[in-house]
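# Structure assessment
Each chain, letter by letter, is given below.
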Amino acid sequence: MALPLTSTPSADGFYMPAEWAAQSQTWMLWPERPDNWRFGAKPAQKAYLAVAEAIARFQPVTVGVSADQFENASARLSEHVRVVEISNNDAWVRDTGPTFLINGKGELRGVDWEFNAWGGLTGGLYQPWNRDDQVAQKICSIERIARYRSDGFVLEGGAIHVDGEGMLLTTEECLLNPNRNPHLNKIEIEARLKTYLNVEKVLWVPEGIFNDETNGHIDNMACFVAPGKIALAWTDDERDPQYQRSLTALQYLESQRDAKGRKLEVTKVPLPSPLVQTEDEVDGIDRAFHAWPRRAGERMAASYINFLMVNGGIIMPSFNDPMDEIAANIISSLCPERDIVQLPGREILLGGGNIHCITQQQPVA
Ligand code: KQY
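Residues numbered from 1 in each chain as written. Predicted model: local features only at pLDDT ≥ 70, side-chain atom pairs only at ≥ 80, totals over all residues. Heavy atoms only, no water.

### Let's talk about the pattern of salt bridges
Quick reminder of the rule: Salt bridges, as used here, are contacts in which a Lys or Arg side-chain nitrogen is within 4 Å of a carboxyl oxygen on Asp or Glu. Starting at the N terminus, helices and strands are each numbered in turn, a helix being any DSSP run of H or I of at least four residues and a strand any DSSP run of E of at least two. Any residue under 20% of the maximum accessible area for its type is buried, any over 50% is exposed, and the rest in between are partly exposed; the area is computed with a 1.4 Å probe on protein chains only.
For the structure shown, the criterion picks out 21 salt bridges. A salt bridge links Arg 262 to Glu 165, with the nearest nitrogen and oxygen atoms 2.7 Å apart. Taken together, the residues span a long stretch of sequence, with Arg 262 in the loop between helix 8 (241–254) and strand 12 (265–270) and Glu 165 in the loop between strand 7 (161–162) and strand 8 (167–171) at a distance of 97 residues. On the accessibility criterion, Glu 165 (25% relative accessible area) is partly exposed. When the shortest N-O distance is used, the salt bridge between Arg 245 and Glu 173 registers 3.0 Å. Of this pair, Arg 245 sits in helix 8 while Glu 173 is found in helix 6 (residues 172–175), placing the two residues 72 residues apart along the sequence. Note on Glu 173: relative accessible area 21%, which makes it partly exposed.

### Things to note about the environment of Thr 278
This is how it is decided: Any two residues whose heavy atoms approach within 4.5 Å are treated as being in contact.
Assignment of secondary structure puts Thr 278 in the loop between strand 12 and helix 9 (279–283). C-alpha separation for the pair Thr 278 and Trp 234, spaced 44 residues apart in sequence, amounts to 24 Å. With residues up to four places along the chain from it excluded, the contact list for Thr 278 reads Ala 296 and Arg 346.

### Thoughts on the sheet that holds strand 6 (residues 146–154)
Formally: For two strands to pair, DSSP has to find at least two bridges joining them. For every element, the axis is a line fit to its C-alpha atoms; helices are fit only across the contacting stretch, and the angle between N-to-C directions ranges from 0 to 180 degrees.
Sheet architecture is open: three strands sit in the order 4-5-6, paired in mixed fashion. Pairing within the sheet leaves two strands with one partner each, and these edge strands are strand 4 (99–102) and strand 6. On average, adjacent strands in this sheet sit at an angle of 30° to one another, irrespective of strand direction. Looking at chain direction, strand 4 and strand 5 (residues 108–114) are connected through four bridges and run antiparallel. Within the sheet, the bridge partner assigned to Phe 100 lies in strand 5 and is Gly 110. Its contacts with the sheet place helix 5 (residues 132–142) against strand 4, strand 5 and strand 6, and it is angled at close to 170° to strand 5.

Structure (structure tokens):
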């Protein structure tokens, strides 16, 4: 086994590029656990398959699959998608896969973040998570790239966004939650982010989307769409618990400058009307002691911001809501050079995330 590097990305001149930088492929994992995905994960598998095939129209895709599901996934996915065996505890490669780094000299490396299932034994979503914690190492090994391991520092890829020009966007709600790194304060966490991702400045949005089971991942709330430009999840409904969260984020972001001194330009992207889990949906999920229980009537953290950039395109969720088209038009106006592909996002949302959470871009070195 290749041991992790003992140096750091910033010392070695490696950094995380923006999502709009050229990509060589996208990684996904295949969903199967019946205590998170209803009806034995069959509807979720269809939704993931649609995402994989949509991405494959733009660039190569690799899907990691457990041994048990290898035949099934291989038979269902088209010949445009590579299938490899990667055991896992669930299918959120944004959080369990590596964060890929480049050095501008043709080299690629990965950061293998310590993972604790979004909160470990204090609010984490399931246990064990040991296989999830090995996903990044396995992907780096398949790609034959060196990796940095962040032992002692828990992070998920969905908790960060970067502009590739020195800026990192995150939320206090997630990164300062004592269920991630209780031994570190804000300054120490910021120092780790700078070391592992080689960024100069960290933007701390106070909170993410209301009732997000990741403790407010930024990838559901706001993202860079270009240098100096941010898209932010928004509601005009002052009675919605999301309103104050989005307003505080807007006021904070509009008061900030980026690492190049640019004033940030923030565009509001409306949320769909509040979506709740139905009794039927919850009924299809296996009850299990070691998994987060789902309840009918509970609001889900639906957001159009949870989209993925691919070469020449954007793959974003729709929710069968009048805002679907409005949100797609706004994202299209922010990224006019990209084709927008909207895919039904509810089935993925039922598992606790969306398209950005189930994908991981690998940049061109
Ligand atoms: O938001 C993400 N990056 C992942 C969501 C994970 C939810 C697990 N049930």
